[in-house]
Structures are given as structure tokens and as C-alpha cells.
Amino acid sequence: MDHPWSSQQFRDGARAAGRGETVIAAAEAAAAAIKRVHPDLPVILTLKHLAHLSGVPVDDLQIVIFRQEDPYRVFRVKKRGTPNSIAAPPRRFRTICVPSVTIMRVQRWIAQNVLNVIAPHPASFAFAPKRDLVGAARKHLEAKWLVKMDVRHFFESISERQVYFVFRSLGYGALLSFQLARLCTRRSKHLTFDPRISRGRGKSGLPYRRLVQGALPQGAPTSPMLANLVMRKFDERVEKLASQAGWTYTRYADDLAFSRRDQSDRDTAIQLTRQIERELGREGLKNNRLKTSIAPPGSRKIVLGLLVDREKPRLTREFRDNIETHLYALLSPKIGVSKHLAKRGFASTIGMRRHIEGLIAFAHQVDKMYGAALYQSLNSIDWNS
């Protein structure tokens, strides 16, 4: 979305409103700093200005900024376990934080008008226009060696301080960047500062010294794009490191993948994982070692659920079996929708239908002929059975 800015129009309006020349000059300088970063970024001068642009009362924003209330509805959903891992822990839960209506509104405005303007690093494939899971998998086609790593507690480990620096990098003032960071984070009980990186004011102009601070809430519309922008420097360093060592690198949110088409060895792959762990540590992140895997020549190469050992990405046999089992049960006169719904534990028929439609849409994206056959079967289901 374009956000044109006219200094002359602003100056005329400000003078008509009785603003002094010093205030007008400061506002123009702030606007120029934002537009230098990207011409499509909106000029936001103060919290009241943000409230006006987003249509949210400023008092509602201040309550969140001062942490007077927690505007999030928090619940847990089950995580998928780590497949084929003897050391995998029991199935755990993911914490989802859904903001209130007013905070959701301002976060959506920030996401659409501010964060969506800045593209993430080319190695990042999640939460970005024209980039997706299949695109990430294609980067690793015909891999002989594949290394996969996972960032532990990805969103919850990205701090308010890091978010503040994202907004500062976009040209917004120190106070406003602090306020924006507060609006996009939630107070975290477990996230603390590394004193080596939190002392003093530095060039930011704003100190962060408290031991407890906010973190990105998983469920806020701003969190995915903020995570990408926080990770941009990491992506730059890791892509350079990987490329120099002969590896191709992609990141899909918290999933890191490295592949190569030439010969290598396990020691080289292990050395790579150690280097990446050090880079994660520089960002205050940790590798989930239980999910680190090294696939040598002759083993299956799966990136984000897709086989990548040939010239085209392919669906796994497990994925196909899952969809085909759903369709068989739903089309079977002995089972049907009601019995399958109860057996699989879905909350509603519409929820089950949307889930299966999502699986088929993904299958069609990867294999159009196979996906077309699945859609034909889906259209034959009597959802009242």
C-alpha cells in the first residue's frame, strides 16, 4: 500500500493548526528519515498519529504499552511429535496468543502498512508474498546431503528489544519504536536479557535494562513478519557461511535446511551444525538438537514434508496415504462422515472438511494430476452421511 507524503501540504496544515516552526521542522525530519528507508513506508510521528491512522483509540494503545492489561486470549494446541526419533520427548503443546479486537486491529494495520513493505531475506520462505513451502523445497532438489535444524521456541525467543531495533531500522523515532515494539509483543516470564548485549543506550537512544521483557506472541498478525525482519542479519550471515562451504540454505520460520549436490561427509555436516548453533546464539536463539538431522547419500531427503532427492519435489508416501485414507473413509457406505468425524476426533464436520481441503490444495500445488484426482473424489462426498 502506497503512503505518499507531501512536506508542503504538511507544513501548510501544521501552520494553519498553529504549530511552531521548530515542531514542524522536527516532524519533517522524522518523515524524511522514514521515506529514506522506503518510499512506501507510512509516516507515523507519534502514538496519537498511529491511533488516528489505524482507527484505534489511543487510550487502548497506552494500556498495552504500559503493560496494565494483558490483551491476549491464551490457549494451547498440540504439537506434532518428532517422527522416527528414539530420543523424541512426549507430545507437547504450542502456546497461541490471540489479541483482543482493538489490538488485533492496530497489529493488522502495522503488518499491512509497515511490515509488509520490507521484504525478508531471499533465503526466508515463510510469511512473505510469492514465497512458500514448495518454493523452499525446490531450492534443495537433487540433494545428496541434507542437514535440517529447528529453532527452539522461535517466536517466544524473539525479544521486545529486537523488535524495537526493527522499527528503528525503518526510520521511526526512538519513542515511537519503543511503543510499536510494546504493541507487537507480550510480557514474557521466561525471556531475560543477556547482560552483554543489553547495557547502556547505544545508538538506539533508548535503554533496555530490565531483566524481564516482552516477546513475540505466536498468534499476533505482526509476529511472523517481525520474526523475519529480526532474522534478516542472521539469514545474511548464514547464507554467506553456507555458500562459502558449498551448501544451499533456506529458512521457513523456525525450520533451517542446508543441502548440497556434490560429495561431502558427516564430519563436514556436523561442523556446519556447530557453526549454525553459534550464529543462533548471537541472536539469543537455541537449536533444538532433538530435531537436528543429517541425511547422507542413499537416505530419504525430506524438506518441509516434500521429497527433494530428484528433479521435482514430491509428496511422501505417508502424506498420500493420509489423504487417501480420509477420502476412502468418507466415501465408504460403511463409515461415512459421522463415523470418520468421531474416530478422527474433529470438532465439527466443517472443520474436518477444511482440513482435508487444505491437504488436497497442497497436494495439487505439488502434483497437479494427483491433486485433480483427489478433488474429484472430494466432490463425490456426501457430507450429510
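For the structure itself, consult the block above.
The model shown is predicted, which means the values in this text are computed figures rather than measured ones.

### Focus on the pattern of salt bridges
No. 1: Applying the stated criterion across every chain, the model contains 20 salt bridges.
No. 2: Two residues, Glu236 and Lys233, come together in a salt bridge whose shortest N-O distance is 3.9 Å. Note that Glu236 and Lys233 are positioned in helix α11 (residues 232–244) at a spacing of 3 residues, about one turn of the helix.
No. 3: Residue Glu236 is classed as partly exposed on the basis of its relative accessible area of 33%.
No. 4: The residue Asp235 makes a salt bridge to Arg251 at a minimum N-O spacing of 2.9 Å.

### Digging into unusual backbone geometry
Excluding glycine, residues mostly have negative phi values, and the peptide bonds linking residues are mostly trans.
No. 1: Even without a glycine there, the phi angle at Glu142 is positive, about 60°.
No. 2: Topologically, Glu142 is positioned in the loop between α6 (133–138) and β3 (145–152).
No. 3: Residues other than glycine seldom take positive phi values, yet Leu304 does so here, at roughly 55°.
No. 4: Tracing the chain through its elements places Leu304 in the loop between β10 (302–303) and β11 (306–307).

### Some remarks on the pairing of β3
No. 1: Burial analysis of β3 places 6 of its 8 residues in the buried class, the great majority of the element.
No. 2: Judged from the 6 bridges that link them, β3 and strand β7 (residues 255–260) form a sheet pairing that is antiparallel. If you follow Asp150 over to β7, its bridge partner there is Asp255.
No. 3: Where β3 meets strand β9 (residues 293–295), 3 bridges bridge the pair, whose relative direction is antiparallel. Considered in β9, the bridge of Leu146 is made with Ala295.
No. 4: Inspection of the sheet shows β3 paired to strand β8 (residues 286–287) by 2 bridges, in the antiparallel sense. Counted as the bridge partner of Arg152 is Lys286 from β8.

### Some points on the packing of helix α3 (residues 47–54) against helix α5 (residues 101–113)
No. 1: For the pair α3 and α5, the least separation of the axes is 10 Å and the interaxial angle reads 95°. When the axis of α3 is compared with that of α5, the two are roughly perpendicular. Across the interface between the two elements, Leu50, Leu53 and Ser54 of α3 pack against Arg105, Val106, Trp109 and Ile110 of α5.

### Considerations on the packing of aromatic side chains
No. 1: This model, assessed by the stated rule, comprises 6 aromatic pairs.
No. 2: Centroid distance Phe319 to Phe362: 5.5 Å. Interplanar angle 70°. Geometry classified as edge-to-face. Here Phe362 lies in helix α15 (residues 349–366) and Phe319 lies in helix α13 (residues 317–331), a separation of 43 residues in the sequence. Comparing Phe319 with Phe362, the two get one shared label, buried.
No. 3: Here the aromatic residues Phe127, Phe154 and Phe155 are joined through ring pairs into a cluster of three or more.
No. 4: The cationic tip of Arg320 hangs over the ring face of Tyr370; the distance from NZ or CZ to the ring centre is 4.2 Å.

Parameters at a glance
- Residues numbered from 1 in each chain as written.
- Predicted model: local features only at pLDDT ≥ 70, side-chain atom pairs only at ≥ 80, totals over all residues.
- Heavy atoms only, no water.
- Salt bridge = Lys/Arg side-chain N within 4 Å of Asp/Glu carboxyl O.
- Helix = DSSP H or I, 4+ residues; strand = E, 2+ residues; numbered from the N terminus.
- Buried < 20%, exposed > 50% of the residue type's maximum accessible area, 1.4 Å probe, protein only.
- Pairing = 2+ DSSP bridges.
- Axes fitted to C-alpha atoms, helices over the stretch in contact; angles between N-to-C directions.
- Parallel < 35°, antiparallel > 145°, perpendicular 65-115°, else oblique.
- Contact = heavy atoms within 4.5 Å.
- Phe/Tyr/Trp six-rings, centres within 6.5 Å; stacked < 30°, edge-to-face > 60°.
- Lys NZ or Arg CZ within 6 Å of the ring centre and 35° of its normal.

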